[in-house]
Amino acid sequence: LRFVYGPVSVASQCIHHRAMEELHMTGSDRTYNMIQWGCPTGPAPQEQGEPKVTKHFTAELGACTPYILCPGQWSEGHLRDYARSIVSMKVHNAGCNCLAPQILVTSKSWAQRAHFLDLLREEFSRVQTRKPWYPGAAERVRKIIADNPRMEFFPAPATRDATHPFLTADSMDGPPW
């Protein structure tokens, strides 16, 4: 097992090297499609296409990881630890990690919900805002903002800047079904 860092040319050499028996990548579907099919969209569903890579190739392609905080009677220390944990996951790599929570799920009827969200706001106010660097991230954030007018930012910036990755929405009044 070896980890390799470098530009596309280095990655391409590694991918196609005869000593490379298997591949695993993390990233976007567009990156996977470029490697496997030679174009960012991949073949049309009705087309088979010939894969560019014939060796065993697995991928973890993006995610919308939830952080689920179950209702309960949590101590102040536990609540603060959960808030710090969420913030640390969001600020590491500007939240551009497959394991960074993109959705916070809490129960509206949870007695400690408002206090927990206040602690979350407090923790976010202590960190420097990171800019999402991942290709296409800023555009996706702008679309999320446009589609969710009741969105709240953590921490609340002066403007709804697409470079601000900390956001949540409280827009569901009930189940979608």
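Bear in mind the structure is a predicted one, so any value in this text is a computation, not a measurement.

Cut-offs and rules
Residues numbered from 1 in each chain as written. Predicted model: local features only at pLDDT ≥ 70, side-chain atom pairs only at ≥ 80, totals over all residues. Heavy atoms only, no water. Helix = DSSP H or I, 4+ residues; strand = E, 2+ residues; numbered from the N terminus. Buried < 20%, exposed > 50% of the residue type's maximum accessible area, 1.4 Å probe, protein only. Areas by Shrake-Rupley, 256 points an atom, 1.4 Å probe, with all protein chains shown as cover. Salt bridge = Lys/Arg side-chain N within 4 Å of Asp/Glu carboxyl O. Arc of directions from axis to C-beta. Contact = heavy atoms within 4.5 Å.

Peer 1: Explain the overall build of the chain here, please?
Peer 2: Helix and strand counts for the chain stand at five helices and six strands. Starting at the N terminus, the α and β elements of the chain follow one another as α-β-α-β-β-α-β-α-α-β-β. Looking at the 177 residues of the chain, the share that counts as buried comes to 28%. Of the roughly 12,000 Å² of accessible surface on the chain, 56% is carried by carbon and sulfur atoms.

Peer 1: Honestly, the pattern of salt bridges in this entry has me stumped. Any pointers?
Peer 2: Working definition: two side chains of opposite charge can pair if their charged atoms are close together. Evaluation of the coordinates by the stated rule reveals eight salt bridges. Ionic pairing is found between Arg-84 and Asp-81, a salt bridge with its closest N-O pair at 4.0 Å. Pair noted here: Arg-84 and Asp-81 are both in helix H3 (residues 76-91), with a separation of three residues, about one helical turn. Classification of Arg-84 by relative accessible area gives partly exposed; the value is 39%. Members of the salt-bridge network, linked through shared partners, are Glu-76, Arg-80, Asp-81, Arg-84, Glu-122, Glu-123 and Arg-126.

Peer 1: Can you walk me through helix H2 (residues 29-37) in this structure?
Peer 2: Working note: α-helix, 3.6 residues per turn, so residues spaced by three or four point in the same direction. Within the span of H2, buried status applies to Tyr-32, Asn-33 and Gln-36. Burial along H2 is one-sided: seen end-on, the buried residues are contained in an arc of 95°. Along its buried surface, H2 packs onto strand S1 (22-27) and strand S2 (56-61).

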